[in-house]
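# Understanding the architecture of this molecule
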Amino acid sequence: MGRSLDAEDPLTLAIAPPPNETVEERERRLRDEEEARKVSDRIDEQIKAERAALKKKRPVKVLLLGQSESGKSTTLKNFRLTYSADAWAEERASWRAVVQLNLVRNVNMILDMVAEEMSAPSRSAQPDSDVSDDEDAVASPAAVTEPPLRFTNRHALLRLQLAPLSRLQKDLEYVIGAASGEPASLNNLEGPVLPVGARGRHKQEFFIRSHKSWNSQGEADSTIPRKYKEAQARETKEIIASCAEDMSAIWEDPIVQEMLARRRINMEATPGFFLNDLDRIAARDYQPSDDDVVRARLRTLGVQEYNIRFETGPAAGSEWCLYDVGGSRTQRHAWFPYFDDCDAIIFLAPINCFDERLTEDRHVNRLEDSFMLWKAICSSKLLAKTQMVLFLNKCDLLEQKLRAGVKVSEYVRSYGDRANDVQTVSKYFAQHFKEIFRRNSPEPRQFKVHMTSVIDTRATAVTLGIVEEGILRAYLERVDLI
């Protein structure tokens, strides 16, 4: 037989009116209960309002898209340098090993090519045999046969004296990789990657996974003991300092420069090029500058995510979540999950690559690949209301290439007889991107085009100021705050 819960329930007993309650006491109790109910309702409304505000204050979500080596990671660094200076300063010193790795890799790439040439002195300057010229927008100059390069015993001696750099490169790759938690048996500890557009085979470049924190200052985030890292840092400084004169000699050697020209390799245009800064980086007390970190090359596979709390500018106090999504063909499938709830896309298209081909597919022109990627992004219905910002990047390298005498009309047939200068070429390419956007956007909308060279931190900071204000305004309108 059940029992009465109301008679024995502690809560019921606590809120029950007194047994001998008078009329005045009852009215007072009811007034107090009503006031308590109003206070409770106000608290509930305040909680609802705060929850709604939190939803509106979600981070501004920005995707950096573009093909591999278009400048996405460099743009992300510029964002952090410009708007999160304190966090940037804390990890600047950790980039010293990356800059040193870039420098050593520059030299080792040259030494590998010298070794090839010295073992095959009859090599002629032929274009890639696996590249056809049947693309509508691309043509290739005729092959040229040239006399063999005359290497001497001096080159053999320089190779011998610089031999420690091969081991040093592997040691630096191991330290950086192990610091990120990568397994010790990395299959990416191979030779340096050749520049896009160069004649020769492309070797796999050293990389780390995007979810690993290689530059953390905490000992717990590294599989390498601190003493080993400090000893390795000292050894690296000594080796680079002792080899500095020979590194400069091999880089400035006229025969080596002729070899690079025949192979169509512009070392200055390669990511992470530091040979022109050799004297400064080889100093034993070297510390990387902001410009060094922005220019440093460290290939990361996967999606890099950075939460940046803006310290300056119109967006000061707001939080932005920036995603650097890998641009190689094998990584583009990872883009689509990040389209949802995206506030803005910054698409980077290098316009200096009109005469270059994809590393992944030597039959595809890099500029044409950017056009196809841009079309796919513009036509996506998931991004119909997303703000688009286009960076036509590497304008500095475009100017160098045009000054060297490279004719756009020889590679882009539709260019015709227009002037072969930066202003005309960049305007022509910008118009082509605008036309693709106009024809393929699901809804009428505006977008901004910026001519950039993202390794120029000062000029890029000005551009980012304009981009920041535009993205912030569109974001506020989207969450109904203005």
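Residues numbered from 1 in each chain as written. Predicted model: local features only at pLDDT ≥ 70, side-chain atom pairs only at ≥ 80, totals over all residues. Heavy atoms only, no water.

## Details of the nonpolar core
Applicable threshold: To qualify as a nonpolar core, a set must consist of buried Ala, Val, Leu, Ile, Met, Phe, Trp, Tyr and Cys residues joined through side-chain atoms within 4.5 Å. Working definition: with a 1.4 Å probe on protein chains only, accessible area under 20% of the residue-type maximum means buried, over 50% means exposed, and in between means partly exposed. Runs of H or I in DSSP of at least four residues are treated as helices and runs of E of at least two as strands, each being numbered from the N terminus. Contact criterion: two residues are considered in contact whenever any of their non-hydrogen atoms come within 4.5 Å of each other.
Formed by 47 residues in total, the largest nonpolar core has its most connected members in Leu165 and Met267. Of all the secondary-structure elements, those providing two or more residues to this core are helix 6 (96-119), helix 8 (164-179), helix 9 (226-252), helix 10 (254-262), helix 11 (278-281) and helix 12 (290-295). Not counting the four nearest positions on each side in its chain, Leu165 is found in contact with Val104, Val107, Asn108, Ile239, Cys243 and Met247. Leu63, Ala349, Phe354 and Ile377 belong to the second largest nonpolar core, which has 40 residues in total.

## With respect to the packing of helix 13 (residues 366-379) against helix 15 (residues 422-440)
Quick reminder of the rule: All axes here are fitted lines through C-alpha atoms, helices being fitted over the stretch that makes contact, and every angle between N-to-C directions spans 0 to 180 degrees. Orientation labels follow simple angle bins: below 35 degrees gives roughly parallel, above 145 gives roughly antiparallel, 65 to 115 gives roughly perpendicular, and whatever is left gives oblique. Handedness of each helix crossing follows the sense of rotation of the near helix against the far helix: counterclockwise by less than a right angle gives left-handed, clockwise gives right-handed. Residues are sorted three ways: Asp, Glu, Lys and Arg are charged, Ala, Val, Leu, Ile, Met, Phe, Trp, Tyr, Cys and Pro are nonpolar, and all the rest, Gly among them, are polar.
Packing of helix 13 against helix 15 brings their axes to within 8 Å, and their N-to-C directions diverge by 30 degrees. Put simply, helix 13 runs roughly parallel to helix 15. The handedness of the crossing between helix 13 and helix 15 is right-handed. Touching Leu367, Ser370, Phe371, Trp374, Lys375, Cys378 and Ser379 of helix 13 are Phe429, His432, Phe433, Ile436, Phe437 and Asn440, all from helix 15. Classifying every residue of the contact of helix 13 with helix 15 by side-chain character gives 8 nonpolar, 4 polar and 1 charged.

## Focus on the UniProt feature "binding site: Mg(2+)" (unreviewed entry) in the protein chain
Convention followed: UniProt positions are given in the numbering used here, feature names are shortened, and annotations may be inferred rather than shown by experiment.
With numbering matched to this structure, UniProt assigns "binding site: Mg(2+)" (unreviewed entry) to Thr300. Take Thr300: it is sitting in strand 3 (residues 299-301). Assessed through its relative accessible area of 17%, Thr300 is described here as buried.

## Brief notes about the environment of His432
Along the chain, His432 turns up in helix 15. Along the chain, His432 and Phe371 lie 61 residues apart, while their C-alpha atoms are 8.4 Å from each other.

## Brief notes about the side chain of Arg96
Inspection of the secondary structure assignment puts Arg96 in helix 6. In contact with Arg96, other than residues within four places in its own chain, are Ala233, Lys237, Tyr286, Gln287 and Pro288.

## Here's the deal with unusual backbone geometry
Located in the positive-phi region is Glu69, a residue other than glycine, with phi close to 65 degrees. Tracing the sequence through the fold places Glu69 in the loop between strand 1 (60-65) and helix 4 (72-83). With a phi close to 60 degrees, Asp341 is a non-glycine residue in the positive phi region.

## Quick word on the environment of Cys243
Looking at where Cys243 falls in the secondary structure, it is placed in helix 9. Sequence separation between Cys243 and Pro164 is 79 residues; the distance between their C-alpha atoms is 8.8 Å. Among residues more than four places away in sequence, those in contact with Cys243 are Gln161, Leu162 and Leu165.

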